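# Fold and geometry: a report
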Amino acid sequence: MTFVKSVLRYVYVPAMLLGWNAAAYFVVTGDHSYAWLLPVLIGAFASAHFAERILPCFEEWNHDHEDNGTNWIHNIYYENSAASGVLMIPLITWLFPVQGIWPTEWPLGAQLLLAILFADTMFSLVHYFSHRWPTLWKLHAVHHGVGRLYGFNGLVRHPLHQSIDMIVGTLPLVLLGMPMEIALLLGLAITIQLIVQHSNVDYALGPFRQVLSLGKAHHLHHVNWGTEGDCNFGLFFTHVDRALGTFVLEPSREIKASDLGIDDLPEFPKSYISQLLLPFYYVPGKGLPATFRAKSKRNNRAAKDARRQTGTLWPAE
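Attention in this report is confined to the structure presented alongside it. (Residues numbered from 1 in each chain as written. Predicted model: local features only at pLDDT ≥ 70, side-chain atom pairs only at ≥ 80, totals over all residues. Heavy atoms only, no water.)

## Let's talk about the overall build of the protein chain
A count of helical and extended segments in the protein chain gives 13 helices and zero strands. Written out in order from the N terminus, the α and β elements of the protein chain read α-α-α-α-α-α-α-α-α-α-α-α-α. Compactness check: the protein chain gives a C-alpha radius of gyration of 20 Å against a globular reference of 20 Å for 317 residues, within 12% of the reference. Projected onto its principal axes, the C-alpha coordinates of the protein chain cover approximately 55 × 50 × 45 Å. A buried classification covers 48% of the 317 residues belonging to the protein chain. Considering only residue pairs separated by 6 or more positions, the protein chain has 75% of its internal contacts joining residues 24 or more positions apart. Of the roughly 15300 Å² that the protein chain leaves accessible, carbon and sulfur atoms contribute 66%. If you average the places of the 22 positive and of the 24 negative side-chain charges in the protein chain, the two averages end up 9 Å apart. (Helix = DSSP H or I, 4+ residues; strand = E, 2+ residues; numbered from the N terminus. Rg over C-alpha atoms; globule rule 2.2 N^0.38 Å. Buried < 20%, exposed > 50% of the residue type's maximum accessible area, 1.4 Å probe, protein only. Contact = heavy atoms within 4.5 Å. Areas by Shrake-Rupley, 256 points an atom, 1.4 Å probe, with all protein chains shown as cover. Lys, Arg positive; Asp, Glu negative; His and termini not counted. Charge placed at Lys NZ, Arg CZ, Asp CG, Glu CD.)

## Some thoughts on the packing of helix α1 (residues 2–29) against helix α2 (residues 37–54)
Think of two packed helices as two axes; the pair is described by the angle between the axes and how far apart they sit. Close contact between α1 and α2 brings their axes to 10 Å; oriented N to C, the two are set at 175°. One element, α1, and the other, α2, form an angle in the roughly antiparallel class. Where α1 abuts α2, its residues Val 4, Lys 5, Leu 8, Tyr 12, Met 16, Trp 20, Ala 23, Ala 24, Val 27 and Val 28 lie against Leu 37, Val 40, Gly 43, Ala 44, Ser 47, Ala 48, Ala 51 and Ile 54. When the residues that make up the contact of α1 with α2 are grouped by side-chain class, the tally is 15 nonpolar, two polar and one charged. (Axes fitted to C-alpha atoms, helices over the stretch in contact; angles between N-to-C directions. Parallel < 35°, antiparallel > 145°, perpendicular 65-115°, else oblique. Nonpolar A, V, L, I, M, F, W, Y, C, P; charged D, E, K, R; others polar.)

## Structural notes on the pattern of salt bridges
Tallied over the full model, the rule gives five salt bridges. The closest approach of N and O atoms between Asp 202 and Arg 9, which form a salt bridge, is 2.9 Å. Of this pair, Asp 202 sits in the loop between α9 (180–198) and α10 (216–221) while Arg 9 sits in helix α1; the two residues are 193 residues apart in sequence, bridging distant segments of the chain. Using a relative accessible area of 29% as the deciding quantity, one classes Asp 202 as partly exposed. For Arg 9, a relative accessible area of 25% corresponds to the partly exposed category. Between Arg 253 and Glu 228 there is a salt bridge, with its nearest N and O atoms 3.4 Å apart. (Salt bridge = Lys/Arg side-chain N within 4 Å of Asp/Glu carboxyl O.)

## Section: the side chain of Ser 124
When you line up the elements, Ser 124 lands in helix α5 (residues 108–130). Judged by its relative accessible area of 0%, Ser 124 falls in the buried class. In this structure Ser 124 touches Phe 233, Gly 234, Leu 235 and Val 240, once residues within four positions along its chain are discounted.

## Quick notes on α5
Between its first and last C-alpha, α5 extends 32 Å over 23 residues, near the 33 Å set by a 1.5 Å rise per residue. Of all the positions in α5, only Gln 111, Leu 112, Ala 115, Ile 116, Ala 119, Asp 120, Phe 123, Ser 124, Val 126, His 127, Tyr 128 and Ser 130 are classed as buried. Elements in contact with the buried residues of α5: α6 (134–144), α7 (159–169), α8 (171–175), α9, α10 and α11 (239–244). (Expected span 1.5 Å × (residues − 1).)

## Some words on the state of the cysteines
Under the counting rule described, the total for this entry stands at zero disulfides. Looking at Cys 57, it has no disulfide partner, and the nearest cysteine sulfur is the one in Cys 231, 17 Å off. Given a relative accessible area of 3%, Cys 231 falls into the buried group. (Disulfide = S-S within 2.5 Å.)

## Brief notes about the nonpolar core
If you look at the biggest cluster of nonpolar residues, it comprises 51 residues, and the most contacted ones within it are Tyr 12, Met 178, Leu 186 and Val 196. Mapped onto this core, the elements with two or more residues apiece are α1, α2, α3 (68–87), α4 (89–95), α5, α8 and α9. Broken down by element, this core gets its largest block of residues, twelve residues, from α9. Residues contacting Leu 186, with those up to four places away along its chain left out, are Leu 112, Ala 115, Ile 116, Ala 119, Thr 170, Leu 173 and Met 178. Within the second largest apolar cluster, eleven residues are counted, among which are Ile 262, Leu 278, Tyr 282 and Leu 288. (Core = buried A, V, L, I, M, F, W, Y, C linked by side-chain atoms within 4.5 Å.)

Right, here's the structure in full:
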């Protein structure tokens, strides 16, 4: 097992980023139905899940925090919303016809890299301002309230914040004429990056930790140490953080399994409905009113009872 862990430590990131994106590229460029992208997505999630059992950063992060059911709903909504956005591309290009701007003559890989660089820059800027503007922070807090990091909660987003990301990060690409094939590959690349970025795997990046927004740098972004986590906003790369002066490679102290979350939201709601309502009640610096906390606890109990009755209650360890 020691040998397997040693190998996994170094091959996890390249296997996930290169392997599953290559599989998606094969589906899109070959004579295959786009439905085959679903097994690619499932394979990426499954790979992260098994790697987390072999080489976890923290064993505690592998156990259910009464959040599995809610995270399933977040993931289903996120992917359905992303797929709907791709399906709307023909309508958007019909309403806003822009010809000759997108470099369709470039190789597909070069077009994808251009789309990733643009989207990453815009996502990073939205992320940066989401930590500085209270209105955006209230929405983004749904993502930061998680008490652990694992591949399945990388897609935890408030729907309104996801919509802002899509409008700012990907709509301009569509208006410039980005083909549907590139949109599909970009969407898969973003999802795979989020899985790796949040996965509970103690992988090694070597010199790439200076370039990729992964690993301990992103763990630091999620700590509940006041404003110390207001850094490392990049999704794919670190170029925006370096330009903003917000790139921090190493934490000032060792990060523990219990150091995640939001310091003024110690009772972060567990149910999906309560998380949807959170931005409308949460006051940064003050937390949640007692009435909302009581309502959230009732929602948590109701969701837990429903899972118990349907046999989908995971053991709290």
